[in-house]
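# Results of the structural survey
Now for the letters of each chain:
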Amino acid sequence: MQDRTHKSRFNEYQDSTIINKCEQYAKWTLPYLAADVERTNSTGRVVVERDFQELGALFVNHLASKLARLLFPTQYPFFQASASSDFVEHARKRGVDEAALRGMFSRMEMASNKRLFLNSGYAALILCLRHLIVTGNVLLYRDSEKGTLTAYGLRSFGARRDGAGDLLDVILQEFTVLDSLPEDVQIALRTAQPSKYVKPDTKVEKYTRINRRYRNGTPGYEVTQEVDCIKVGTPSWYPVNMCPWMLPTWTLIPGEHYGRGHVEDFAGVFAKLSALSESATLYGIEIMRVPISYWSGPKVS
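Within each chain, residue numbers correspond to sequence positions counted from 1 in written order. Where totals are concerned, whole chains, interfaces and linings use all residues; where local detail is concerned, this predicted model gives features only for residues with pLDDT of at least 70, and gives and counts side-chain atom pairs only at 80 or more. Side-chain numbers here rest on the full set of heavy atoms in the structure, without hydrogens or water.

### With respect to the overall build of the protein chain
For the record, the criterion: The secondary structure listing takes helices from DSSP runs of H or I that are at least 4 residues long and strands from runs of E that are at least 2 residues long, numbered from the N terminus. The globule rule used here is 2.2 Å times the number of residues to the 0.38 power, and the radius of gyration it is set against is calculated over C-alpha atoms. The buried label goes to any residue with under 20% of its type's maximum accessible area, the exposed label to any with over 50%, and the partly exposed label to all in between, with areas taken from a 1.4 Å probe on protein chains only. The criterion used for residue contact is that any of the two residues' heavy atoms lie within 4.5 Å. All accessibility values rest on the Shrake-Rupley procedure with a 1.4 Å probe; residue burial counts only the protein chains present in the view. In this tally, Lys and Arg are treated as positive and Asp and Glu as negative; His is ignored, and so are the chain termini. Note on charges: their place is set at NZ of Lys, CZ of Arg, CG of Asp or CD of Glu.
Check the secondary structure of the protein chain and you find eight helices and eight strands. The C-alpha radius of gyration computed for the protein chain amounts to 25 Å, which surpasses the reference 19 Å derived for 301 residues by more than 25%, pointing to a less compact arrangement than a globule. Overall size of the protein chain, expressed as C-alpha extent along the three principal axes, is 100 × 55 × 40 Å. Counting all 301 residues of the protein chain, 35% fall into the buried class. A separation of at least 24 residues holds for 60% of the contacts in the protein chain among residues at least 6 apart in sequence. Put simply, the protein chain shows about 18900 Å² of open surface, and 55% of that area lies on carbon and sulfur atoms. Distance between charge centroids for the protein chain: 3 Å, based on 37 positive and 33 negative side chains.

### A look at unusual backbone geometry
Positive phi outside glycine occurs at Asn 216, with the angle close to 55°. By the secondary structure assignment, Asn 216 is in the loop between β5 (203–215) and β6 (218–227). The residue Cys 229 is not glycine, and still its phi comes out positive at about 70°. Mapping Cys 229 onto the fold places it in the loop between β6 and β7 (230–239).

### Remarks on the nonpolar core
Short version of the rule: By convention a nonpolar core is built from buried Ala, Val, Leu, Ile, Met, Phe, Trp, Tyr and Cys residues, the set being connected through side-chain atoms within 4.5 Å.
Ranked by size, the top nonpolar core spans 45 residues in total, and within it Leu 139, Val 170 and Trp 245 carry the most contacts. Other than its neighbours up to four places away in sequence, Val 170 contacts Leu 139, Phe 157, Gly 158, Ala 159, Thr 208, Arg 209, Ile 210 and Leu 247. Listed in part, the eight residues of the second largest apolar core include Leu 178, Leu 189, Val 227 and Val 232.

### Let's talk about empty space enclosed by the protein
Cut-off, in case you're wondering: Definitions used for this entry: grid spacing 1 Å over protein atoms alone; cavity, a set of points where a 1.4 Å probe fits but cannot get out; pocket, an open set with protein on both sides within 12 Å along at least 5 of 7 lines; lining residue, one with an atom within 4 Å of a point. Grid points are joined across faces, edges and corners, and a volume is the space filled by probe spheres set on the points.
Inspection of every chain in the model, using the stated rule, returns one cavity of 30 Å³ or more. In this structure, the largest cavity spans a volume of roughly 40 Å³. What lines the largest cavity is simply Ile 19, Cys 22, Leu 33, Ala 34, Thr 135, Gly 153, Leu 154 and Arg 155.

### Focus on the sheet that holds strand β2 (residues 148–152)
In plain terms, the rule: At least two bridges found by DSSP between two strands are what make those strands a pair. Here, axes are lines fitted to C-alpha atoms. For helices the fit covers the stretch in contact, and angles between N-to-C directions go from 0 to 180 degrees.
Here we have three strands laid out as an open sheet, ordered β2-β1-β8, and antiparallel in their pairing. Of all the strands in the sheet, just β2 and β8 (245–246) have a single pairing partner and so form its edges. Direction of pairing for strand β1 (residues 139–143) relative to β2: antiparallel, over a ladder of five bridges. Residue pairing in the sheet places Asp 143 in a bridge with Thr 148 of β2. Each of β1 and β2 touches helix α6 (residues 121–134); the most contacted strand, β2, lies at about 20° to it.

### As for the side chain of Glu 109
For clarity, the cut-off: One side-chain nitrogen of Lys or Arg within 4 Å of one carboxyl oxygen of Asp or Glu is enough to make a salt bridge. Two N or O atoms form a polar contact when they lie within 3.5 Å of each other; inside protein one atom must be a possible hydrogen donor and the other a possible acceptor, and for residues adjacent in sequence the pair counts only when both atoms belong to side chains.
Its place among the elements puts Glu 109 in helix α5 (residues 98–116). Comment: no salt bridge for buried Glu 109; closest opposite-charge side chain is Arg 102, at 10 Å. Within the structure, Glu 109 has its side chain in polar contact with the backbone nitrogen of Ala 81 (distance 2.7 Å). Sequence-distant contacts of Glu 109, that is, excluding residues within four places in its chain, are made with Pro 77, Phe 79, Gln 80 and Ala 81.

### Structural notes on the environment of Trp 250
Within the fold, Trp 250 resides in the loop between β8 and α8 (267–287). Taking the C-alpha atoms as reference, Trp 250 lies 31 Å from Phe 105; in sequence the two are 145 residues apart. Among all residues touching Trp 250, those that are not within four sequence positions of it are Leu 67, Leu 132, Ile 133, Gly 136, Arg 260, Gly 261 and His 262.

### What to know about the pairing of strand β4 (residues 167–177)
Across the eleven residues of β4, eight count as buried, placing the element largely inside the fold. Sheet analysis places strand β3 (residues 157–161) next to β4, joined by five bridges and oriented antiparallel. Among the inter-strand pairings, Arg 161 is bridged to a residue of β4, identified as Leu 167. The hairpin formed by β3 and β4 contains five residues between the paired strands, and Gly 165 there has a positive phi angle of roughly 95°.

See below:
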């Protein structure tokens, strides 16, 4: 039996009910977090629908910034590295005492802390927290070679978890243009669908799969890619704790594939605030429409 494509798995994993709810949560707060990248205007800009009030955006941005400062402080390292007793004993045999070892770990902590803030990494972390607060889900990718972090929203990926909440499978959907792909991939696409891939700026769907696999009894994640159902690149495998792809959640109920955001806890308040703000706006527009018969000022000739 032929293996299923990443695109078919992505369509299966996506939950329209959850996406529709998160679209409403995003509309009350930060609409671009759940924007449909395929809905664009004539200039190519993604269309977003905004609410009549801005308090939701204010609350989310404030909470995200506060959490970022708390979890990833800029003044001192946000984690501590330590050595096991076996490591300390091995270092002593090589002429490195505990004081020198602590100094080495301290320098490593400082270097790692500085690396987080390179290439707009801190801004990506704040965006990640915004996704978690509003939708409860985000896919985070750490590129070690470029030193960058990228946060993907709920519309861009589909996921499956086991009963304990451990990640089993993730499919990421991205969009690129034909001209940006390697030459051999362009030839393969033009050969497979010559009528579709004519212009260099033709939009192409790219899918990345992060699938839980075992190697020699060790659990890890195999990463593969497809471009419009054509396999590209070489599969890679990472141990669980070293995988550059992470899928954190705000609140995850065991047995569910997707998490729940903080905004969901206050959905009723946001709904009332939105309705009141809309009514107040429409009322303000109506009272400005003063009939000319009520005008008591000087006549204009």
